[in-house]
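# Fold and geometry: a report
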Amino acid sequence: MKCGPLLLLGLLLLQQGRCFEFVIDGEWADERSHLQNHRDRHKREILTGQELEAQEEGDGVTVRSYHVESRITSRFAHTTVRSLAVNSGSEDHILGFDVRIPKQAFITNFTMNVNGMAFVGSVKERAVARHLFNQARAKGKAAGIVGTNSQDLDNFQAEVVVPAGTIVEFEIHYEEMLRRKLSFYEHSLHLHPGRLVPNFQVDVYIYEPKGISLVQHMNNFQGQFSDLVKVTTTEYKAHVVFKPNLQRQRKCDNCTENAIDGVFTVKYDVKRDSTAGELQVSDGHFVHFFATSNLSPLPKNIVFVIDISGSMWGVKMKQTVEAMLAILDDLTEEDNFNIIDFNHNVNCWSDELVPVSSFQISAAKKYIQNIKPNGGTNINEALMRAIQMLVRSSNSGLLDPRSVSMIILVSDGDPTVGEIKLSTIQKNVKRAMREEYSLFSLGIGYDVDYDFLERIAMENRGIAQRIYANHNAAEQLRVFYRQVSSPLLRRITIQFPDGTVSDVTQNRFDKYFAGSELVVAGKVLLPDSNTLNSFTTASASQMDITLETDASITELDMELAKQEHSFTGFARQMWAYITIKQLIADRSLATTAAKKKKITQKIMTIAVEHQFVTPLTALLVESSDGSERLLANSPKAREQGCCPGAGLGGPSPSQSQVQLVYQPPPWVQMTTPLPPSQVAKGPEVWTLPGKVNLVDNDPHFIIHLPTSDMDICFNIDSKPGHILNLVSDRGTGLAVNGQLVGAKQLQKGKLKTFFGAISVFSEPDGVGVIVSPDGIVMSDGRNKHNFTWGETAAITQEGVRISIVKDSRVSVKINENVEVIVLLHRVWKKNPVNVDFLGVYIDNENQYSPVAHGLIGQFSREPEVTVYDIHDGRDPLKKEATMEVKGNRMKVTRGWQKDYRADNKRGSNVFCWFVHNSGKGFIDGRYTDYIVPDLYSFLPTV
């Protein structure tokens, strides 16, 4: 019997992987012979010269092209892998497509074209996809899933048995959010073409709206290919191209094997001009990226809990010890630590937490090096002992209330001694842990119950990480520790005005670590304005912080439309990506079947809408006419860790109902309900003090005398670099100083000077603030914190409160008794003469001691001033007069200076009597008496 071409799809099923195996058998054997000569004649028409060169001897399969393209926009990557292969031989062959995909990525589509028959994928709920697939299989069609696991990857494989002369095109798409680790975003492409490829190319396009600070690339291929990588960067874009020719792909001159089989990695970071983070709005969605580095680390209290059971013997223990020796060296003098090791017994290096010192570190190292693994695994008792140790230290008042307490568990196996029921251990740990503690779980090896370690970490404000014993475990442990070694903030909350956003992802975080990033996404509601605002509150070392930033609703979409290789749907997909990751984590912790079912439905709805292959959805691949259907599932649901947006510190305790620990700013309307005491109070209005003493421009002093209701002006003609004391009050411990900077060039033979830095120092609080056009620095003797002009912020430490209004002004209040306002004046960047400078405004109501002095402070005791003999001057618009003050008589001129508080551009006129010669006669002594050596100096006492 003669039959037409038959498509046969064989079913194969293994657990834990992503893969298709398509087996396509073309013509029957008796039809092949009369086609063979025809194929031989056209063989050279099918292949080019380079393709013939690439064809392996005895193998008619040629991969014509292998192209990987990633479009990264705002840390979200859409990757496409395309391959075109041809069976140019005389026999049927298997044409394979093998793509290694990061575990954190979601496949979004797969298409295949076999001699014109197109198969196009679509994501559906698993049950729906299975039903449609079964309908096809009932008609004699079938499909298969084959899976493998590796260190960080899932394998996607499509293998098609095709007749000679057949051309097959494969294309797969996947998406992932890039996590920031150790101050870099890292995008890894796992290149595995399988054989020599005439047209081989990798393109990585990066677009970051705030700008790119640096781009690096690396690979672990056997050959050296750095010279073949071309990197093109502009302020906002980067393009990385890797395009080796056939000869460079060969492992050796005459080899037919491809040397490119490994990981090609692009690392980059973005520019940051705001401590408040970066808020982006696109396609009806927003993403808030929060990352800061200019803060001092919080002190740490760490208990290392190390498994020394018999299964840790050998390489595992050796590399754990090696890593611990390096980690102990990284502890700082402000930290406290201890070591607990456990097998069937639990042993403590010290009974309590000990402060870091060279002696203690040396003793701890000796203890670690003498560990001998043996026995069982008593995880429950070891964790209980660690928690009790932290609780005792806290109750005894030995821990800094702003420090970060954490437990780092390193284990390679399941509990075998003591409490062995995993759910009970999980409950015990959660019950004993305080909300300010975090648990990080490191599972060594492939046989560890990683799901369990991940659950107890996620429930206790931490994360888990698998450590692969045969892949340099010591370095993996050290890298993980570096990620959590510098906590900068606690209790971080990112909020938005009520009614402006919806469907917000996790927005409360327990900790923020240096070099990482917190990400919050959501949908934007139709706004009354074209701007979206966000407000971040957090606790840093010795201070509380409130930050505000904003973004245009339409600006980014307009910019993305101009970019040829940008991923215009990034915000929409990123919101779905983060939401699904968080829901999968929530699902693994669901306490009832009803809760789990509800979460499951949410995941499936979002995954289908955004076309993500998840553990609960499947990819149905259909031919263009719908007659053929193939099915691919994601792996069995792994209990995945918390989403990238959660940060290394994990979610804040009781995330859905937690109340803010720190009072939100009064102008914030919270997106989640707050207790009555924290209900939003409406916008905060900056009120101008009625009368002030001020210094502005180059520099002009205006002194207001309240009793006589008179304003007196004078200039100071000093030199760039000089520091002038404005207020020196030993009685209250307050010093206000200003450092001069010069203009870029002379004007009319004179070099103008301006204030380029203003300092406010409170000696009793030990807190100093330095404001410059470059930013704001707050220090307390031990720690230094940097803030930019790019955000509106409020910082409180001890009795000092700093309020920053974006690109406008800074207010420094000390114990509610003293306020100093600094205004920012920006000039045109290419201004040939002038520079950015500052103006200083000091409230007349400030409370000083009787010994206050300085160019402005001396007038807290108002002198008696008499002005008489007012007459026309040489300038008809400026009257002249005689002034008597402090026993001095001098000529003064009636004029005006500018107060820029209400209008930073044009200012408002303040009419005053101008004292010449740098205020001589009006101020005590000469202006040179007020030059001090540094920004925190007081005037010498007389």
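Note that the structure is a prediction, hence the values are computed from the model and not measured.

## Describing the sheet that holds strand 25 (residues 501-502)
Here we have 4 strands laid out as an open sheet, ordered 15-16-27-25, and antiparallel in their pairing. Every interior strand has two partners, whereas the edge strands, strand 15 (278-282) and strand 25, have only one. In this sheet, strand 27 (residues 518-524) lies alongside strand 16 (residues 285-290) in antiparallel orientation, the contact comprising 6 bridges. Looking at strand 27, one finds that His288 is bridged to Val520. Each of strand 15, strand 16 and strand 27 is contacted by helix 12 (residues 570-588), which is oriented at about 70° to strand 16, the strand it contacts most.

## Observations regarding unusual backbone geometry
Despite not being glycine, Asp503 has its phi angle at roughly 50°, a positive value. Checked against the element boundaries, Asp503 lands in the loop between strand 25 and strand 26 (508-513). We note that Lys748 has phi near 55°; this positive angle belongs to a residue other than glycine. Judged by relative accessible area, Lys748 falls into the exposed class, the value being 89%.

## What about the nonpolar core?
A general feature of soluble globular proteins is that nonpolar side chains tend to end up buried together. Membership of the largest hydrophobic core comes to 87 residues, with the highest contact counts inside it found for Phe286, Leu489, Ile545, Ile795, Met883 and Phe922. Excluding residues that lie within four positions of it along the chain, Ile795 makes contacts with Met543, Asp544, Ile545, Met778, Phe787, Val800, Arg801, Ile802 and Ile804. Counting 53 residues, the second largest nonpolar core, distinct from the first, contains Val63, Val162, Leu178 and Leu630.

## Here's the deal with the side chain of Ser74
Within the secondary structure, Ser74 sits in the loop between strand 1 (61-73) and strand 2 (76-87). Taking relative accessible area as the criterion, Ser74 reaches 0% and is therefore assigned buried. Within the structure, the side chain of Ser74 is placed 2.5 Å from the side chain of Gln280, a separation counted as a polar contact.

## Describing the pairing of strand 1
The element strand 1 is largely enclosed, with a buried count of 10 among its 13 residues. In this sheet, strand 2 lies alongside strand 1 in antiparallel orientation, the contact comprising 12 bridges. Residue pairing across strands places Ser70 opposite Thr79, the latter belonging to strand 2.

## What about the state of the cysteines?
This structure, assessed with the given rule, holds 2 disulfides. The disulfide that involves Cys252 links it to Cys255, with 1.7 Å between the sulfurs. On the S-S bond that ties Cys252 to Cys255, the torsion sits near 90°, and the link is right-handed. By relative accessible area, Cys252 is classed as partly exposed at 37%. Of the residues examined, Cys255 reaches a relative accessible area of 16% and is grouped as buried. Between the sulfur of Cys713 and that of Cys912 lies a disulfide, 1.8 Å long from S to S. Judged by the sign of its S-S torsion, about -115°, the cystine formed by Cys713 and Cys912 is left-handed. Of the two residues, Cys713 sits in strand 34 (residues 710-715) while Cys912 sits in strand 49 (residues 908-915), which places them 199 residues apart along the sequence. Each of the two residues, Cys713 as well as Cys912, counts as buried. Taking only the cysteines that form disulfides and numbering them from first to last, the chain has the pattern 1-2, 3-4.

## Focus: the pairing of strand 18 (residues 336-342)
The buried count for strand 18 comes to 7 of 7 residues, which makes it a mostly enclosed element. Of the two faces of strand 18, the one lined by Asn336, Asn338, Ile340 and Phe342 and the one lined by Phe337, Ile339 and Asp341 are each fully buried. Relative to strand 20 (residues 354-355), strand 18 is paired through 2 bridges, and the arrangement is antiparallel. Each bridged residue has a counterpart across the sheet, and for Phe337 the counterpart in strand 20 is Val354. Connecting strand 18 to the antiparallel partner strand 19 (residues 346-348) that follows it, the hairpin turn spans 3 residues.

## A short note on helix 10 (residues 473-484)
Compared with the 16 Å implied by 1.5 Å per residue over 12 residues, the 17 Å span of helix 10 between its first and last C-alpha is a close match. Among the 12 residues of helix 10, 9 are classified as buried, and the element is accordingly described as predominantly covered. For helix 10, every residue scored as buried is listed here: Ala473, Ala474, Gln476, Leu477, Arg478, Phe480, Tyr481, Gln483 and Val484.

## Re the packing of helix 5 (residues 315-330) against helix 6 (residues 358-369)
The interhelical angle for the contact between helix 5 and helix 6, taken along N-to-C directions, is 175°, at an axis separation of 10 Å. Regarding the angle of helix 5 to helix 6, the classification is roughly antiparallel. For the pair helix 5 and helix 6, contact is made by Val321, Met324, Leu325, Leu328 and Asp329 and by Ile361, Ala364, Lys365, Ile368 and Gln369, respectively. Here the residues of the contact of helix 5 with helix 6 sort into 7 nonpolar, 1 polar and 2 charged.

## Some remarks on the confidence of the model for the chain
Any residue range with low pLDDT should be treated as having predicted coordinates unsuitable for detailed reading. Summing up the model confidence of the chain, the mean pLDDT is 84 and the portion of residues at 70 or higher is 85%. Of all the helices and strands in the chain, helix 1 (residues 29-46) carries the lowest mean pLDDT, 40, while strand 13 (residues 237-242) carries the highest, 98. Long-range and interchain partners of residues 1-47, a stretch whose pLDDT sits below 50, account for 123 contacts in this model, where long-range means more than four residues apart. Predicted confidence for residues 653-686 stays below pLDDT 50, and this span has 61 contacts to residues more than four positions away or in other chains.

## A short note on the side chain of Gln582
Relative to the elements of secondary structure, Gln582 occurs in helix 12. Residue Gln582 is classed as buried on the basis of its relative accessible area of 10%. Within the structure, Gln582 has its side chain in polar contact with the backbone nitrogen of Gln506 (distance 3.2 Å).

## Description of the environment of Asn737
One can find Asn737 in strand 36 (residues 734-742). With relative accessibility at 0%, the residue Asn737 sits in the buried group. Taking the C-alpha atoms as reference points, Asn737 and Ser759, 22 residues apart in sequence, are found 5.2 Å from one another. In contact with Asn737, not counting residues within four places along its chain, are Ile723, Leu724, Asn725, Leu726, Ala757, Ile758, Ser759, Val932, Asp934, Leu935, Tyr936 and Ser937. Polar side-chain contacts of Asn737 include one of 2.8 Å to the side chain of Asn725.

## A short note on the pattern of salt bridges
Enumeration over the complete set of coordinates arrives at 36 salt bridges. The closest approach of N and O atoms between Arg482 and Glu475, which form a salt bridge, is 3.7 Å. For the salt bridge of Lys562 with Glu559, the shortest nitrogen-to-oxygen distance reads 3.7 Å. Among the residues examined, Lys562 registers a relative accessible area of 63% and is labelled exposed. On the basis of relative accessibility, which here comes to 29%, the residue Glu559 falls in the partly exposed class.

## Quick notes on the packing of aromatic side chains
Inspection of every chain in the model, using the stated rule, returns 23 aromatic pairs. A centroid spacing of 5.0 Å and a plane angle of 20° characterise the contact between Phe761 and Tyr936, whose relative ring orientation is stacked. Linking Phe761 in strand 37 (residues 753-762) with Tyr936 in the segment after strand 50 (931-932), this pair joins segments that are 175 residues apart in sequence. By relative accessible area, Phe761 is classed as buried at 15%. A residue is classified by how much of its surface remains accessible, and Tyr936, at 26% relative accessible area, is partly exposed.

Reading guide: rules and limits
- Residues numbered from 1 in each chain as written.
- Predicted model: local features only at pLDDT ≥ 70, side-chain atom pairs only at ≥ 80, totals over all residues.
- Heavy atoms only, no water.
- Pairing = 2+ DSSP bridges.
- Helix = DSSP H or I, 4+ residues; strand = E, 2+ residues; numbered from the N terminus.
- Contact = heavy atoms within 4.5 Å.
- Axes fitted to C-alpha atoms, helices over the stretch in contact; angles between N-to-C directions.
- Buried < 20%, exposed > 50% of the residue type's maximum accessible area, 1.4 Å probe, protein only.
- Core = buried A, V, L, I, M, F, W, Y, C linked by side-chain atoms within 4.5 Å.
- Polar contact = N/O pair within 3.5 Å; in protein donor to acceptor, adjacent residues only side chain to side chain.
- Disulfide = S-S within 2.5 Å.
- Expected span 1.5 Å × (residues − 1).
- Parallel < 35°, antiparallel > 145°, perpendicular 65-115°, else oblique.
- Nonpolar A, V, L, I, M, F, W, Y, C, P; charged D, E, K, R; others polar.
- pLDDT = per-residue confidence, 0-100.
- Salt bridge = Lys/Arg side-chain N within 4 Å of Asp/Glu carboxyl O.
- Phe/Tyr/Trp six-rings, centres within 6.5 Å; stacked < 30°, edge-to-face > 60°.

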